[in-house]
Amino acid sequence: MKIKNEYQAWFDAVEITDKTALDELAAAATVSAYQKIDCLACAKCCLTTVTTFTESDIQRASKGLSISTKNFKKLYLFMDLDGNYTTQNVPCPFLNLTDHKCKIYENRPHACRSFPHTQKDHFLTRKRVHLENAKFCGVTTYVLDTLKTNFTKTR
Ligand code: SF4
Ligand code: SF4
């Protein structure tokens, strides 16, 4: 896959001496990306990937829907082999397919709030995540392109 190879090559070659500066630039680029990219027009993360719910996410979301946590799990979630609760299939059951709005936006899980994780510290520890997300997420490719342009020193 061309996109993956392009960014993988940069990750493999680049020498980062100031990881804090990289984290700060990635966070700033994430803010810029959200100003340029219309996520409601895209929605690929909600359309094509499952999301994870922690127990506190489940409590908040089920309360918002006025159903029990037991019913919430039964109706919407699946426990994966690592013991994490994820949505059962895609598109996400909480995605309004007409306007791409999240039906539980105020109570959406932490994983959705922080997606695509490009704004978080220790950016380089999530290389694999960024490479996977770069296959479909414009925010991620915008951030990676910004980093590639600004961090060019190779080993
Ligand atoms: S809970 Fe909402 S934000 Fe998260 S994947 Fe589903 S529709 Fe998208
Ligand atoms: S995949 Fe990326 S660009 Fe698309 S809606 Fe999700 S965060 Fe926004």
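Details of the structure are given in the entry above.
No experiment lies behind these values; they were computed from the predicted model shown. (Residues numbered from 1 in each chain as written. Chains lettered and ligands numbered in written order. Predicted model: local features only at pLDDT ≥ 70, side-chain atom pairs only at ≥ 80, totals over all residues. Heavy atoms only, no water.)

Things to note about the nonpolar core
- Residues Trp10, Phe11, Leu22, Phe123, Leu147 and Phe151 are the most contacted members of the largest nonpolar core, which totals 16 residues.
- If near-sequence neighbours (up to four positions away) are discounted, phenylalanine 123 is found in contact with Phe11, Leu22, Asp23, Ala26, Thr118, His130, Val143, Leu144 and Leu147. (Core = buried A, V, L, I, M, F, W, Y, C linked by side-chain atoms within 4.5 Å. Buried < 20%, exposed > 50% of the residue type's maximum accessible area, 1.4 Å probe, protein only. Contact = heavy atoms within 4.5 Å.)

Re the site of ligand 1
- For ligand 1, the full set of nearby residues is Cys46, Cys92, Phe94, Leu95, Cys102, Pro109 and Cys112.
- Assessed atom by atom at 2 Å from the grid points, ligand 1 resides in the largest pocket. (Near = heavy atom within 4 Å. 1 Å grid on protein atoms, 1.4 Å probe; cavity = no way out; pocket = protein on both sides within 12 Å on 5 of 7 lines; lining within 4 Å. Sits in = over half its atoms within 2 Å of the grid points.)

As for the layout of surface pockets
- If you add up the space inside the largest pocket, you get close to 930 Å³.
- In this structure, the largest pocket is lined by 41 residues; those nearest its centre are Cys45, Cys46, Cys112, Arg113 and Phe115.
- Secondary-structure elements contributing two or more residues to the lining of the largest pocket are helix H3 (39-42), helix H4 (44-48), strand E1 (52-53), helix H7 (110-114), helix H8 (127-133) and helix H9 (138-150).
- In terms of residue count, the dominant contributor to the lining of the largest pocket is H7 (5 residues).
- When grouped by side-chain class, the residues that make up the lining of the largest pocket number 25 nonpolar, 10 polar and 6 charged.
- Per-domain counts for the lining of the largest pocket show at least three residues from each of domain 1 (2-44 + 116-150) and domain 2 (52-114). (Points joined across faces, edges and corners; volume = space filled by probe spheres on them. Helix = DSSP H or I, 4+ residues; strand = E, 2+ residues; numbered from the N terminus. Nonpolar A, V, L, I, M, F, W, Y, C, P; charged D, E, K, R; others polar. Domains from an automatic or database assignment.)

Digging into helix H5 (residues 55-65)
- Among all positions of H5, only Asp57, Ile58, Ala61 and Ser62 are buried. The buried residues of H5 occupy an angular sector of 115° when projected down its axis, which confines them to one face. Away from its buried face by more than 90 degrees, H5 exposes Gln59 and Lys63.
- Among the structural elements, E1, helix H6 (69-76), strand E2 (77-79), strand E3 (85-87) and H7 are those in contact with the buried residues of H5.
- Just downstream of H5 lies serine 66, where phi reads positive at about 55°. (Arc of directions from axis to C-beta.)

Some remarks on the packing of aromatic side chains
- Going through the model one piece at a time under the given rule, you end up with 7 aromatic pairs.
- Between phenylalanine 72 and phenylalanine 94, the ring centres sit 5.7 Å apart and the planes meet at 5°, which makes this aromatic pair stacked. Here phenylalanine 94 lies in the loop between E3 and H7 and phenylalanine 72 lies in helix H6, a separation of 22 residues in the sequence.
- On the basis of relative accessible area, phenylalanine 94 is assigned to the buried category, the value being 4%.
- Chaining the aromatic ring pairs together yields one cluster made of Phe53, Phe72, Tyr76 and Phe94.
- Between arginine 108 and the ring centre of tyrosine 105, over which it is positioned, the NZ or CZ distance is 3.8 Å. (Phe/Tyr/Trp six-rings, centres within 6.5 Å; stacked < 30°, edge-to-face > 60°. Lys NZ or Arg CZ within 6 Å of the ring centre and 35° of its normal.)

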